[in-house]
Amino acid sequence: MKKIKQWTVDWWFIGILILAAFLYAWNIWEAGNANDYYTAAITSMIQSWHNFWYGAFDPAGFITVDKPPVALWFMAISAKIFGVHGWSVVLPSILFGIGSVALIYNMIKPRFNIWAARLAALALTQTPIVVADSRTNNMDATLQFFLLLASWCLMKAISNRKPWLVVVSFALIGVSFNIKMLQAFMILPALLLFFWLASNQKLWRRLGTLAIALVAMAITTLAWPIQVDSTATSQRPYVGSSETNSELELAFGYNGTERLLGQTTGTGAAFPGMGTKSKTGSTGTAGTPPTGAKGTAPGGTTARKPTGTPGAGNTGKTPPAGTKMPGTKTGAAGKQPAVTTERGAGTGRKMPANFKKGTFKGGTRGRQGSQRGGAGGAFSIGTVGPLRLLQSDLGPQISWLLPAAIIGFISAFTYYLDRKRKWYQTTIQQNHLLFWLGWLIPVAGFFSIASFFHPYYMIMLAPPIAALFGIGTVTMFKQFKTDLKHWQAWLLPIAIVVTTGLQAWYVSLYYQWQPFLVIAGGLLGLILLFIGRTKAWRKTALGVAIAAIMAAPAFWSLTPTIAGSSAGIPSAGPSLLSSSGNGGLGNGTADSGLLKYVEKHQGNSKYLFATSNASTAAPYIIKSGKAVMAIGGFNGTDPAITLKQFKALVKKGDMKYYLSSGRSGNSKIEAWVTKVGKKVAASQYGGTSSSSTQGFGSRGGMGGGTLYELDASMVK
């Protein structure tokens with residue numbers, strides 16, 4: 001008679017899921033428009049199947065966003081059900097974030113101690129950048145979930161001997177490609193290594209299964225991009241942020257090689273911290289909370305003490321007690337690459353007027369400027385090198401438990417070693433450990449040398465760090481209980497000391513005396529562990545030690561929740577507690593007077609107005625639900641429309657207004673409009689010509705606008 005499987009409830013796990021729901025969802029009603037670039041696209045996508053399929057930025061389907069639409073599909077479905085609100089477009093990210101916690105628990109529990117699964121789930125839940133990313137409508141929380149789902153399917157395929165699940169696993173990687181393109185392929189080495197080591201199939205059958213799986217991945221990867229590229233350009237939107245109106249070019253260019261080598265397309269300037277290889281560090285301009293501080297970073301890089309005044313969106317809140325306020329001096333600034341045109345040499349496009357070799361006048365600097373303008377934080381990624389992930393720019397977002405995770409891997413790998421086997425024969429548990437290491441090393445290696453990415457991409461490292469921390473903590477404790485003459489017994493104390501030291505340094509970037517609390521907590525846990533090593537209460541001592549090294553990252557992860565943050569460039573840290581969590585990049589506002597004016601006088605025109613970039617257009621699309629043409633896409637530099645085509649729209653009556661935002665863009669169209677267009681006095685709509693809009697691409701004070709009226713008589 002088949003034994004009926006009994007289900008038991010793990011209340012610790014339920015509590016962790018509740019904690020995740022709280023961190024990711026609480027105060028989300030303060031989200032505003034979240035990242036308005038993608039919220040505008042969602043507003044457009046729910047208006048037609050055509051826009052939904054292509055991920056159109058505007059309701060007229062003129063141009064797409066800079067990513068494939070899979071993640072946006074979930075957000076659009078939510079918006080269709082609940083309406084377009086900040087919380088409704090973020091809801092899928094919240095659910096995917098919680099789902100990721102559940103997945104990592106269920107990936108670790110079957111092969112390791114249940115406490116390893118609980119600790120891994122808890123570590124992932126309170127990783128600061130995971131919380132920040134799960135509270136916005138960027139694609140990263142969705143990508144994390146699908147990558148974990150693919151990994152879970154592969155592990156299930158091996159344990160249950162179901163080859164078809166291998167095919168599903170790799171097919172899901174193809175789906176993940178259509179979330180953030182080549183970033184999804186970063187875990188392929190881990191999947192391939194695990195399948196090859198763990199599969200019990202014979203060689204030829206194993207190769208056959210792998211071949212079918214790779215074919216499935218190729219199909220799910222390429223089906224949508226090829227469909228888009230094979231569709232006549234007149235029947236679909238222009239592919240945003242591409243140079244040749246191609247999804248494949250977008251994948252392997254802007255969202256591919258440029259991420260490693262540096263951005264040459266889709267941007268109006270080289271921003272501070274972006275692509276710097278200077279050993280003296282990035283400039284420390286405004287951005288994510290970990291940007292800049294007094295102290296010495298790992299690897300000898302100098303952390304900066306930021307300067308400047310708070311940027312737009314400052315609410316005047318009082319910083320937390322004990323917070324170090326930005327000073328008036330800066331450390332050495334890294335030299336930025338010389339850039340003379342918006343898309344690189346040969347384009348002939350001039351830089352924005354207020355761009356000055358690595359900084360913007362009028363922008364913000366330092367922690368007080370975080371989330372409120374200035375491009376520096378968007379690219380504050382530290383300096384290239386093996387210790388980049390530990391530096392002050394990226395470390396406070398992801399690396400709190402990294403030392404414990406690495407040492408934990410050493411512990412667990414030796415703990416599960418079967419000395420009866422040959423040196424090259426691994427155990428089941430070692431195969432799982434090598435999977436997580438195979439995820440960690442390539443991703444960490446890429447971000448240690450890459451030139452073009454945002455700090456919130458660090459979510460890619462969260463699952464392997466959390467998994468290795470959870471598994472390793474359990475094995476280190478077991479080894480610690482043995483004779484201290486064995487070197488493995490010292491791994492737990494070493495992990496606590498190194499992790500505590502790193503965390504104290506991170507806390508010192510923002511606070512004066514609180515780092516001593518971190519050190520005291522670590523020392524207390526360490527002392528209790530040694531005293532109680534052979535006592536009955538040794539597990540309590542371990543609990544104190546774990547609580548000590550998880551307290552600081554727990555506080556960091558709580559800051560986006562307290563601040564109600566849902567930013568275009570998500571991050572976590574004390575700066576959010578002294579600023580508006582939703583200001584700055586990705587959170588623009590529409591001029592209500594201007595919007596009412598163009599709606600009143602639109603007539604039969606297809607578009608409310610045209611403007612150079614998506615950041616200016618987005619707030620108007622969200623507020624009105626009507627078509628606004630961003631002629632140059634995200635940053636105003638896409639060659640999406642020619643002057644001849646634009647004139648044809650004006651002559652036909654489809655384009656009646658143009659809003660010059662003060663941003664560089666299609667210089668020919670801008671020059672023609674300012675030459676022949678009729679300037680609309682700001683007094684007619686109750687606004688000013690210098691403060692109309694400020695959105696994602698405004699880069700810390702590059703907004704403003706002048707409205708021009710156009711008609712067919714102006715076309716010669």
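See the structure shown above.
Each chain has its residues counted from 1, running along the sequence as written. Residues qualify for local features only when their pLDDT is at least 70, as the model is predicted, and side-chain atom pairs are given and counted only at 80 or more; totals for whole chains, interfaces and linings, by contrast, use all residues. Here the side-chain values reflect all heavy atoms present in the structure, with hydrogen atoms and water set aside.

1. A word on the overall build of the protein
Secondary structure counts use DSSP, requiring at least four H or I residues in a row for a helix and at least two E residues in a row for a strand, with both numbered from the N terminus. In terms of regular secondary structure, the protein is built from 23 helices and 9 strands. When burial is assessed residue by residue, the protein has 62% of its 716 residues classed as buried. Contact criterion: two residues are considered in contact whenever any of their non-hydrogen atoms come within 4.5 Å of each other. Considering only contacts in the protein between residues 6 or more positions apart, those separated by 24 or more positions represent 74%. Areas reported here follow the Shrake-Rupley algorithm with a probe of radius 1.4 Å; residue values treat only the protein chains shown as occluding. With an accessible surface of roughly 27,300 Å², the protein has 64% of that area assigned to carbon and sulfur atoms. When accessible area is computed with a 1.4 Å probe and restricted to protein chains, residues below 20% of their type maximum are described as buried, those above 50% as exposed, and intermediate ones as partly exposed.

2. Focus: unusual backbone geometry
In this structure, Asn 27 is a non-glycine residue whose phi angle is positive, near 70°. As for its placement among the helices and strands, Asn 27 is situated in the loop between α1 (11–25) and α2 (36–45). Even without being a glycine, Ser 241 presents a positive backbone phi close to 70°. The residue Ser 241 is located in the loop between α11 (203–230) and α12 (247–261) in this model.

3. Details of helix α9 (residues 163–180)
For α9, with 18 residues, the first-to-last C-alpha span of 27 Å sits near the 26 Å given by 1.5 Å per residue. Burial of α9 is extensive: 13 of the 18 residues sit out of reach of the surface. Following α9 by one or two positions, Met 181 adopts a phi angle in the positive range, close to 60°. In this scheme, a helix's expected span is set at 1.5 Å multiplied by one less than its residue total.

4. Remarks on the nonpolar core
By nonpolar core is meant a set of buried Ala, Val, Leu, Ile, Met, Phe, Trp, Tyr and Cys residues that side-chain atoms within 4.5 Å join together. By size, the foremost hydrophobic cluster in this structure holds 201 residues, and its most contacted members are Phe 57, Ile 108, Trp 436 and Phe 646. Not counting residues within four places of it along the chain, the set of residues in contact with Phe 646 comprises Ala 610, Ile 631, Ile 641, Met 655, Tyr 658, Ile 669, Trp 672, Val 673 and Leu 710.

5. Considering the packing of aromatic side chains
For Phe, Tyr and Trp, rings pair up if their centres lie within 6.5 Å, where Trp contributes its six-membered ring, and each pair is then called stacked (planes under 30 degrees apart), edge-to-face (over 60) or tilted (otherwise). As enumerated under the stated definition, the model contains 42 aromatic pairs in all. Both rings, one in Phe 446 and one in Phe 447, keep their centres 5.3 Å apart while their planes meet at 80°; by these two values the pair is edge-to-face. Clustering of aromatic rings is evident, with ring pairs tying together Trp 400, Trp 505, Tyr 506, Tyr 510, Tyr 511, Phe 555 and Trp 556. Across the ring face of Trp 115, the terminal group of Arg 118 is positioned such that the distance to the ring centre comes to 4.6 Å. Counting as a charge over the ring demands two things of the Lys NZ or Arg CZ atom: a distance within 6 Å of the ring centre and an angle within 35 degrees of the ring normal.

6. Here's the deal with the sheet that holds strand β5 (residues 609–611)
Strands are treated as partners if at least two bridges between them are detected by DSSP. With mixed pairing, 5 strands are arranged side by side in an open sheet as β6-β5-β7-β9-β8. Single-partner strands in this sheet number two, and they are β6 (628–630) and β8 (678–679). Examined bridge by bridge, β5 and β6 share 3 bridges and lie parallel to one another. Considered in β6, the bridge of Thr 611 is made with Ala 630. Lying on the sheet, helix α23 (residues 667–676) is in contact with β7 (657–660), β8 and β9 (706–709); it crosses β7 at an angle near 110°. Geometry is summarised by axes, namely lines fitted to C-alpha atoms with helices restricted to the contacting stretch, and by angles between N-to-C directions that run from 0 to 180 degrees.

7. Notes on the pattern of salt bridges
Should a side-chain nitrogen of Lys or Arg be within 4 Å of a carboxyl oxygen of Asp or Glu, the pair is scored as a salt bridge. Using the criterion set out here, one finds 6 salt bridges in the structure. In this structure, Arg 118 and Asp 10 form a salt bridge, with 2.9 Å as the shortest nitrogen-oxygen distance. Taken together, the residues span a long stretch of sequence, with Arg 118 in helix α6 (residues 114–125) and Asp 10 in the segment before α1 at a distance of 108 residues. Here the two residues Arg 118 and Asp 10 agree in accessibility, since each one is buried. Measuring nitrogen to oxygen at the nearest pair gives 3.4 Å for the salt bridge that ties Asp 418 to Arg 421. We classify Asp 418 as partly exposed; its relative accessible area is 28%.

8. Digging into the pairing of β9
Of the pairings in the sheet, the one linking β7 to β9 comprises 4 bridges and is antiparallel in character. Its bridge partner being in β9, Tyr 657 is matched across the sheet by Glu 709.

9. Considerations on the packing of helix α17 (residues 491–508) against helix α18 (residues 514–531)
Contact geometry of α17 with α18 gives a least axis separation of 8 Å together with a crossing angle of 170°. Relative to α18, the element α17 is oriented roughly antiparallel. Taking contact as the criterion, the partners of Leu 492, Pro 493, Ile 496, Val 497, Thr 500, Gln 503, Ala 504, Val 507 and Ser 508 in α17 are, on α18, Gln 514, Pro 515, Val 518, Ile 519, Gly 522, Leu 526, Leu 529 and Phe 530. Classes in brief: Ala, Val, Leu, Ile, Met, Phe, Trp, Tyr, Cys and Pro nonpolar; Asp, Glu, Lys and Arg charged; the others, Gly included, polar. Here the residues of the contact of α17 with α18 are counted per class, giving 12 nonpolar, 5 polar and no charged. Any angle from 65 to 115 degrees is called roughly perpendicular, while one under 35 is roughly parallel, one over 145 is roughly antiparallel, and all others are oblique.

10. Focus on the packing of helix α14 (residues 402–415) against helix α15 (residues 428–449)
α15 packs onto α14 with a crossing angle of 150° between their chain directions and a minimal axis gap of 10 Å. Our classification of the angle between α14 and α15 gives roughly antiparallel. By crossing handedness, the relation of α14 to α15 is classed as left-handed. Residues Leu 402, Phe 409, Ala 412 and Phe 413 of α14 touch α15, and the partners they reach there are Gln 430, Leu 433, Leu 434, Leu 437 and Leu 440. Here the residues of the contact of α14 with α15 are counted per class, giving 8 nonpolar, 1 polar and no charged. Each crossing gets its handedness from the near helix: less than a right angle anticlockwise from the far helix is left-handed, clockwise is right-handed.

11. A short note on helix α10 (residues 188–198)
Turning to α10, its buried residues are Leu 188, Ala 190, Leu 191, Phe 194, Phe 195 and Ala 198. Looking down the long axis of α10, one finds its buried residues gathered within 165° of arc, a one-sided arrangement. Buried-residue contacts for α10 involve α8 (140–160), α9, α11 and α15. Throughout, the arc means that of the directions going from the helix axis to the C-beta atoms.

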